[in-house]
Amino acid sequence: MPGGAVPAFTGTSSGPVIKPKSARETVPAIAVAAFAAFGGILFGYDTGTISGVIAADEFRKDFGTYYPYNRPDNDLTINPPKAGYALDTATKSLFVSILSAGTFFGALAGAPLADILGRRWGLQVAMVVFCLGVALQVGTAPHQDALFVVGRVFAGLGVGIVSSIVPMYQSETAPRWIRGAVVSGYQWAITIGLLIAAIVNNSTNGRSDTGSYRIPIAVQFAFAIIMSVGLFFLPESPRWYVKKGKPEMAAKSLAFLNSTDVDDPVVRSELADIQTNLDTELTYGTGSYRDCFRNNDRKYLYRTLTGTWLQAWQQLTGINFIFYYGTTFFQSTGQSDPFVFTVISNVVNVVTTVPGMFMMERVGRRKLLIWGALWMFLCELIVAILGTTASTGNHGAQKALVALVCLYVAGFASTWGPAAWVVCGEIFPLAIRAKALSLCTASNWLWNFGIGYATPYLVDTGAGKAGLQTKVFFIWAGTCFCCAIFAYFCIVETAGLSLEEVDELYSQVTPRQSGRANRELRANRSDLETNAFTGAPVLMKEDEEVSADYVKEDMVKTAQADA
Ligand code: BGC
């Protein structure tokens, strides 16, 4: 549909007028979704730890080859030239990227697990598989590369399942007015996991025994156990119960999430909304994989393509070049302590995700994705220009490079990092949600794998490698620019809508019209919400919060009309 005139948006929120929920009443829902974010720690830690593991001397001794002279094509870290143990490019690529291969299949397996066993039991299965993978990696004897790789694959399967089920579970349990912030909490947990990995690597890396790489790997058991125990106390997703034809269980779960009882109008109205939407969705198909690609008037195909490409572009921002190869890359550019760089970039990643969580609701998903991509484009471009023109001896320029990389990481962390997960968690109708979301997550891991595998070949020097070194940032600048174009043309503004309203929005407007339609839909709502931070009642509007007085007036009018 061309841009230009915005058609009047006809969608309205269904259900009776219900009393506003106070922020306190939604505490259980927020707590549940926030705990689920813990899965992000597993994800972040597991992906982050490998960069330090492959840089540890003991690991190189146990899994690398001894080179009596400098072979610059072997490993970026043998710089300045010296003899020593090193991992060749192929081994390094394999150890880093094989996890993503496991996660790819794990993400796909997440859909049947979440649909058949439920979101919670699906996650429990992930914990078992993950622990098996960790045990294999910890127990592998030196030079048993194959076994280590199998361990990485199993851990990857576990992380993959987690990464497709957690955002789904969170989106299905969080109140809509704070859903974006809550799902961003998952991304925040990913960044915390990455930071913990950097810190643990940094503190074990000086050891002269196998603890230098076995400890960082074994730490992951702790995360899995915490997650697994916590899952026993979480309620199942009410939307999964509805899908399974268990409305009374769904009502119980909704009542728990809303701190109320099953007969509360809030529960009944939400249950009715979920059921009505599912019934409508089922008239479009049975919710099969084929349905994800159906070009119907609810735009299933369009949504699936948006989600899968959103995740692909998130990886194409080049973020994991920093997190996977940052340590070794900055070692090669002459930084005195590359581990310190790794810790700094990770702290930036954690801290700047927080404003992203707030902006997710206030600014909206669409604008955040467009402006975030342009910011990253600018940073990457300057890094590329500076990196290719300044000499490695120019300390000022080297420091500026690190600062710019941190600004780039901040741009990612506050926009594309969380937004990719938030958007994918909420754009799919219930009937196909698990399957479509798992396809999106699988796309994230596929690109993650491809980029992780190809990057050393692009960056390293030597026969059969492109030797781009710092010039690789020109590629990331280009892809970030494409990210902005993609967001402008493809992302629909879903902030503040219930998952059922998102459905209506998709079927009625184009991405470029969606900001306005979203505001209209929220303004036309009959029910009232509370401000996420002050607890004050407000009408959910993107650009203006209606004052408490106005709301009171509105409530009185509604009550009179009802009477
Ligand atoms: C991405 C990961 C990345 C992480 C960095 C996530 O959203 O999917 O690939 O390592 O953010 O914080």
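My aim in this report is to walk through the structure given alongside it, one point at a time. (Residues numbered from 1 in each chain as written. Predicted model: local features only at pLDDT ≥ 70, side-chain atom pairs only at ≥ 80, totals over all residues. Heavy atoms only, no water.)

1. Considering the environment of Val182
Here comes step 1: Mapped onto the secondary structure, Val182 falls in helix α7 (residues 179–204).
Here comes step 2: Given the relative accessible area of 8%, Val182 is considered buried.
Here comes step 3: For the pair Val182 and Ile30, spaced 152 residues apart in the sequence, the C-alpha separation amounts to 7.0 Å.
Here comes step 4: The contact partners of Val182, leaving out residues within four places of it in the chain, are Ile30, Ala33, Ala34, Gln170 and Ala174. (Helix = DSSP H or I, 4+ residues; strand = E, 2+ residues; numbered from the N terminus. Buried < 20%, exposed > 50% of the residue type's maximum accessible area, 1.4 Å probe, protein only. Contact = heavy atoms within 4.5 Å.)

2. As for the site of the ligand
Here comes step 1: Taken together, 15 residues surround the ligand, and among them Gln187, Gln314, Gln315, Asn320 and Trp421 come closest.
Here comes step 2: In the model, an oxygen atom of the ligand is placed 2.7 Å from a nitrogen or oxygen of the Gln314 side chain.
Here comes step 3: In this structure, an oxygen atom belonging to the ligand sits 2.6 Å away from a side-chain N or O atom of Asn320.
Here comes step 4: Relative to its unbound accessible surface of 310 Å², the ligand loses 100% to contact with the protein.
Here comes step 5: Its atoms largely coinciding with the cavity grid, the ligand occupies the second largest cavity.
Here comes step 6: For the shell around the ligand, the secondary-structure elements that each account for two or more residues are α7, α14 (300–316), α15 (319–332), α19 (416–426) and α20 (430–459).
Here comes step 7: With four residues, the top contributor of residues to the shell around the ligand is α7. (Near = heavy atom within 4 Å. Polar contact = N/O pair within 3.5 Å; in protein donor to acceptor, adjacent residues only side chain to side chain. Areas by Shrake-Rupley, 256 points an atom, 1.4 Å probe, with all protein chains shown as cover. 1 Å grid on protein atoms, 1.4 Å probe; cavity = no way out; pocket = protein on both sides within 12 Å on 5 of 7 lines; lining within 4 Å. Sits in = over half its atoms within 2 Å of the grid points.)

3. Quick look at a nonpolar patch on the surface
Here comes step 1: Residues Ile116, Leu117, Trp121, Val125, Ile225, Val229, Phe232 and Phe233 make up a contiguous nonpolar surface patch of roughly 830 Å² in combined accessible area.
Here comes step 2: When contributions to the nonpolar patch are tallied by element, the ones reaching two or more residues are α5 (119–139) and α9 (220–231).
Here comes step 3: Relative to the elements of secondary structure, Phe233 occurs in the loop between α9 and α10 (238–243).
Here comes step 4: For Phe233, a relative accessible area of 66% puts it in the exposed group. (Patch = residues over 30% accessible without salt bridge, like charges linked within 9 Å, V, L, I, M, F, W, Y side chains within 5 Å. Salt bridge = Lys/Arg side-chain N within 4 Å of Asp/Glu carboxyl O.)

4. As for helix α1 (residues 27–36)
Here comes step 1: Residues Pro28, Ala29, Val32, Ala33 and Ala36 constitute the buried set of α1. Along the axis of α1, the buried residues cluster in a sector spanning 125 degrees; they form a single face. (Arc of directions from axis to C-beta.)

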